[in-house]
Amino acid sequence: MADASPPSQAPADSPEHRCTPPRTYPRADTAGRAERALGGHRLAALLPDPAGERPVYRHLARAIGALILDGRIALHVRLPAERELAAALNVSRPTVTAVYDLLREGGYARSRQGSGTWTTLPEGRTPRGVARLLAPRETAIDLARAAPSLPEGTIVEALARIAPHLAAQLHTPGYHPYGLPELRAAVAERFVRRGLPTLPEQILVTAGAQHALTLVLGLLCRPGDRIMTENPSYPNALDAMRRARLRTVSVPVTDDGWDIEITEATFHRAVPRLAYLTPDFHNPTGCLLPEHARARVLRAAERSGTWLVIDETLAELALDVPAPPPFASHAAAGYGTGRLITIGSMSKTHWAGLRIGWLRAPAQLVTELAGQRVATDMGGSVLDQLLALDLLDRADALLPDRLAQLRDQRAALAQALTEHLPQWRWHLPPGGLSLWAELGEPIATALAERAWEHGVRIESGAHFATDPGLFEQRLRIPYTTAPDTLREAVHRLATALPAALARPTSARRRPHWIA
């Protein structure tokens, strides 16, 4: 591997090592961020067709408020001038004036004389991106988060084992911007055991995979850069790209997986700065990228000079097939001067509450990313990292039971869907944590709303789309809870379905959106 040997430098964790990196890679330019503005045609493309709605201005105001809550329109962004938006929507200017008045009354907008109208959040409202992570009410079954939990005894025993190691750490400053050296070594060893030579200097420990991706985007991309991603993809990753003001170009992932010819053509045509891919039990479809296709993706990325960010958070959750080797193990020596980054996490294999993730990259890039993360958190919790180290040391003993449990839960979900919702279509994924169900009707948002009334929290497939209006006929259904709970959840979804079918929603008109 071209990046197996780090450049000559002081050891990453030595006192003399500097965490302020040279500016080898472009950084996101934050100057003028307060001057961000949303163009009229861009906003019009996000809105449903108002034709047939009465009154139109209330319909549009509700739609814009929903986009702000959903994070699709960022906060503190200047909305288009009234005349510009009226022309883009083909409505009268007084209609847009009424829309903006309602947004201001509802707390979704504020105006400054001479500065226009800006988006804001009503007092007491929580953005849906935050709400997705909050615990549901006690009576609700949570199918919004595809994340397992650990047995209580496992955590208690691990905490007892690490107590002496934590006491020993109290004599140190406790700052580890690269991660605890022992944990970096353990993560590197796991890559080695999976078939990819890796040194601890190539590992940066992060506060989860999302943190790792955000660091990478901040260092390697500028606003306006093209970034290639799958469609559908992980919602929080897509949110990070939007907030970094990157332009996404997507490649489809269907029930049959990736179309490699389209993927190669997208690399060639779009020449993206960076590509974010989840080839192992893709979230949400569960698909596994065939081994022969991985080399083709690598060659296409190398020809276009694209950075590859490979998300392997689900790679070890192989239920029906052998666990795939690291994607980077398919790279030829000298690949793209090391333009390959692998992201991993303990959230899906162990417990999301640990907030422990990592990335593997060329050692020099790890140094620069560590310099970037110092500006935000200066390093992760030593306690969490010691706990993660203990659990990783015992992963080979813990993982088989976890996989057996997931198989049982997946079988219970499949059986319940067959019994209660036989009209839905889905493929049994060979690994991962969820099914990607086809509902036959674009009712996912309406069904999610009705399901909440029946005590089930679930996300519409639209949350996984790179563009508005897509995957309204899809639901991601995780099998991360007990079989009895899954059976009850499916029963409640079936009970909520008639109301979702009967109630007209803007979701049914989303094919009219300009996406």
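Residues numbered from 1 in each chain as written. Predicted model: local features only at pLDDT ≥ 70, side-chain atom pairs only at ≥ 80, totals over all residues. Heavy atoms only, no water.

**Brief notes about the sheet that holds strand β11 (residues 357–360)**
Taken together, eight strands build an open sheet; the order of strands is β4-β11-β10-β9-β8-β5-β6-β7 and the sheet is mixed. Because the sheet does not close on itself, it has two edges, and the strands there are β4 (203–206) and β7 (257–258). The strands touched by helix α10 (residues 260–270) within the sheet are β5 (226–231), β6 (247–254), β7, β8 (274–277) and β9 (307–311), with β6 carrying the most contacts at an inclination of about 170°. Helix α12 (residues 363–374) rests against β4, β9, β10 (340–345) and β11 of the sheet, and its axis sits at about 25° to β4. (Pairing = 2+ DSSP bridges. Helix = DSSP H or I, 4+ residues; strand = E, 2+ residues; numbered from the N terminus. Contact = heavy atoms within 4.5 Å. Axes fitted to C-alpha atoms, helices over the stretch in contact; angles between N-to-C directions.)

**Points about the confidence of the model for the protein**
Mean pLDDT for the protein: 86, with 86% of residues reaching 70 or above. In this model residues 1–24 is a low-confidence stretch, pLDDT under 50, and it forms 48 contacts with partners more than four residues away in sequence or in other chains. Counted against residues more than four places away or in other chains, residues 26–35, with its pLDDT under 50, gives 22 contacts. (pLDDT = per-residue confidence, 0-100.)

**Describing unusual backbone geometry**
Omega for the peptide link from Asn231 to Pro232 comes to 10°, which places this bond in the cis form. Relative to the helices and strands, Pro232 resides in the loop between β5 and α9 (235–243). Looking along the chain, the bond that leaves Asn283 and enters Pro284 is cis, with omega of 20°. Considering the arrangement of structural elements, one finds Pro284 in the loop between β8 and α11 (291–304). Look at Phe281: it is not a glycine, yet its phi comes out positive at around 55°. Note that Phe281 resides in the loop between β8 and α11. For Phe281, a relative accessible area of 1% puts it in the buried group. (Buried < 20%, exposed > 50% of the residue type's maximum accessible area, 1.4 Å probe, protein only.)

**What about the pattern of salt bridges?**
Scanning the entire structure with this criterion turns up 21 salt bridges. Here Arg410 ties to Asp320 by a salt bridge, and the two come within 2.8 Å at their closest N and O atoms. Linking Arg410 in helix α14 (residues 395–420) with Asp320 in the loop between β9 and β10, this pair joins segments that are 90 residues apart in sequence. On the basis of relative accessible area, Asp320 is assigned to the partly exposed category, the value being 46%. In the salt-bridge network here, residues are joined through shared partners; they are Asp142, Arg145 and Arg457. (Salt bridge = Lys/Arg side-chain N within 4 Å of Asp/Glu carboxyl O.)

**Notes on the environment of Ala295**
Structurally, the position occupied by Ala295 is in helix α11. With a relative accessible area of 23%, Ala295 lands in the partly exposed category.

**Focus on the side chain of Ser345**
Counting through the fold element by element, Ser345 comes out in strand β10. Leave out the neighbours within four places in its chain, and Ser345 touches Ala209, Thr313, Ile356, Gly357 and Trp358.

**Some thoughts on the packing of aromatic side chains**
On inspection of all chains with the given rule, the structure shows two aromatic pairs. On the numbers, 5.7 Å between centres and 75° between planes, the contact of Trp436 with Phe464 is edge-to-face. With a gap of 28 residues between them, Trp436 in strand β12 (residues 434–438) and Phe464 in the loop between β13 (456–457) and β14 (474–478) connect regions that are remote in the sequence. Summarising the burial analysis for this pair, Trp436 and Phe464 share the class buried. When the centroid spacing of 5.8 Å and the interplanar angle of 65° are considered together, the rings of Trp436 and Phe471 count as edge-to-face. On the criterion of sequence distance, the pair formed by Trp436 in strand β12 and Phe471 in the loop between β13 and β14 is long-range, its members being 35 residues apart. For Trp436, a relative accessible area of 3% gives the class buried. Look at Phe471 and you get buried, because its relative accessible area is 16%. By the ring-pair criterion, three or more aromatic residues cluster together here, those being Trp436, Phe464 and Phe471. (Phe/Tyr/Trp six-rings, centres within 6.5 Å; stacked < 30°, edge-to-face > 60°.)

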